[in-house]
Each structure stands twice: as C-alpha cells, then as structure tokens.
Amino acid sequence: YFWTLASINFAMVLLANFQAYQSRHLSVEFSESEHVAMIMAAVLQALVIGIPLVVIVERNPISLFVVKSLLVFIICFTFLLVMFIPKMLHLKEARIEAKKKAERIAEARKRDTAFQLRRSETTLTEEDGLAVHHPKLEQDELRSLKAALDEANDREKELRQRIARLVEEQPDNPCDK
C-alpha cells in the first residue's frame, strides 16, 4: 500500500516538474515554478530521510505509524506553506500599495484644490471656507459654488461613514497583522 502511494507521489512530482518547465516564461506574478522547485526539493529531502526510517522501523507498528504520519505531514505542510505564504504576502503588499495610492490621490486632489484657490486670488473666511470677495465672481456664481461645496461636504461625510461601516464589518485577516 505504501509503495503504491509512493509511486503515485513520484509520478506527480515528475508531472509537476514538466509543467513547471512549460510555464517558465510566465510573468512573475503568475509564475509558481520557483515555488514548485522548492517544494520538490523539500519532498525529495523528506523522502530521502523518511524512506530509510520506514525500512528501519518496519517491524514496530507504533514507530512505523509515527514515521509515516510525520512523513505525510511534512510533505503536505511543505506544499501548503510554500504555495500559499507568498500569495498571502503578495496580497498584503497589494493592499498596502492600494492604500498608498489612495493617499497619493487624496494629496494630489488637495494640492490641485489649493492651487485653484490661489490662482483665483480668492479671499477665504474662517467660518465656511468660501470665497467672499472676488472681483470676477457674481453673486449667483458664489451661491452656486457654496451649494456645490455643501453637497461635496455631505457626500464626503456619507463616504467616510460608509468606509467606517465597511471596515467594522470586514472580518479580521491574519495577513493584515
């Protein structure tokens, strides 16, 4: 029974080698051939150490069970660890980059707004931050701008509340820690 599983495992390692060779030209984001190579090396090491141990403890059923169980655990754990930890790290880095990008966009919008205000030579009041005295603006334009600013502030408040709700509802992710 053990040798049947070992031969199937060996055949799968050969198939994985072949497919890793075929996919060697894929972009780095999708390429897993490096990870597959590390897994195959670890499986080979486990088998080189594990098979002689199985032969040595063949007559002791408890020891045989422990060695075979550890061998299966090490092989499966290696597969899972080497394949999924890089993906989780990549996801964490992508989230950090998205956050930085959002911050850069917000900062650029602030700079753009400040530039437009300086360019129009507008005087601002502390109460509402609106243009009060400007030689080129008419009263209708001033009212229209104030309404647009109020609408934008309301929209910003709604979006901030929605973001806060989404953050509260989001389940804890071990990658974020």
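Residues numbered from 1 in each chain as written. Predicted model: local features only at pLDDT ≥ 70, side-chain atom pairs only at ≥ 80, totals over all residues. Heavy atoms only, no water.

**Here's the deal with the overall build of the protein chain**
And step 1. What the protein chain contains, in helices and strands, is 4 helices and 0 strands.
And step 2. For the protein chain, the N- to C-terminal ordering of α and β elements is α-α-α-α.
And step 3. Among the 177 residues that make up the protein chain, the fraction classed as buried is 16%.
And step 4. A sequence separation of at least 24 residues applies to 49% of the contacts in the protein chain between residues at least 6 apart. (Helix = DSSP H or I, 4+ residues; strand = E, 2+ residues; numbered from the N terminus. Buried < 20%, exposed > 50% of the residue type's maximum accessible area, 1.4 Å probe, protein only. Contact = heavy atoms within 4.5 Å.)

**Things to note about the nonpolar core**
Within soluble globular proteins, side chains that are nonpolar generally end up buried alongside one another.
And step 1. In this structure, Ile39, Val43, Val54, Leu71 and Ile75 are the most contacted members of the largest nonpolar core, which totals 16 residues.
And step 2. Where this core is concerned, the elements lending two or more residues are helix H1 (2-22), helix H2 (33-56) and helix H3 (61-119).
And step 3. In contact with isoleucine 75, other than residues within four places in its own chain, are Asn9, Val43, Ala46 and Leu47. (Core = buried A, V, L, I, M, F, W, Y, C linked by side-chain atoms within 4.5 Å.)

**Examining the pattern of salt bridges**
And step 1. Per the counting criterion, the structure on display carries 2 salt bridges.
And step 2. Arginine 160 serves as the salt-bridge partner of glutamate 156, at 3.0 Å between the closest nitrogen and oxygen. In this pair, glutamate 156 and arginine 160 both sit in helix H4 (residues 139-169), 4 residues apart, roughly one turn of the helix.
And step 3. For glutamate 156, a relative accessible area of 36% translates into the label partly exposed. (Salt bridge = Lys/Arg side-chain N within 4 Å of Asp/Glu carboxyl O.)

**Description of H2**
And step 1. End to end, H2 covers 34 Å across 24 residues, agreeing with the expected 34 Å (1.5 Å per residue, within 8%).
And step 2. Of all the positions in H2, only Ser33, His35, Val36, Ile39, Met40, Val43, Ala46, Gly50 and Val54 are classed as buried. (Expected span 1.5 Å × (residues − 1).)

**Topic: the packing of H1 against H2**
And step 1. For the pair H1 and H2, the least separation of the axes is 10 Å and the interaxial angle reads 160°. With respect to H2, the axis of H1 lies roughly antiparallel. Our pair here, H1 against H2, has a crossing hand that is left-handed. Of the residues in H2, those in contact with Phe2, Trp3, Asn9, Val13, Ala16, Asn17 and Ala20 of H1 are Ser33, Val36, Met40, Val43, Leu47, Ile51 and Val54.
And step 2. Among the residues forming the contact of H1 with H2, the class breakdown is 11 nonpolar, 3 polar and no charged. (Axes fitted to C-alpha atoms, helices over the stretch in contact; angles between N-to-C directions. Parallel < 35°, antiparallel > 145°, perpendicular 65-115°, else oblique. Left-handed = near helix turned anticlockwise from the far one by under 90°. Nonpolar A, V, L, I, M, F, W, Y, C, P; charged D, E, K, R; others polar.)

**Quick word on the environment of lysine 68**
And step 1. Among the structural elements, lysine 68 can be located in helix H3.
And step 2. For lysine 68, a relative accessible area of 29% translates into the label partly exposed.
And step 3. Placed 18 residues apart in sequence, lysine 68 and glycine 50 show a C-alpha to C-alpha distance of 7.7 Å.
And step 4. Look past the residues within four positions of lysine 68 in its chain and what remains in contact with it is Phe2 and Val54.

**A closer look at H1**
And step 1. For H1, spanning 21 residues, the distance from its first C-alpha to its last is 30 Å, which sits close to the expected 30 Å at 1.5 Å a residue.
And step 2. Residues Phe2, Val13 and Ala20 constitute the buried set of H1. Seen along its axis, H1 keeps its buried residues to an arc of 35°; they face one direction. (Arc of directions from axis to C-beta.)

**Things to note about the side chain of histidine 35**
And step 1. Inspection of the secondary structure assignment puts histidine 35 in helix H2.
And step 2. Owing to a relative accessible area of 17%, histidine 35 belongs among the buried residues under this scheme.
And step 3. In this structure, histidine 35 is in contact with Val82, Met83 and Pro86, ignoring residues within four places of it in sequence.

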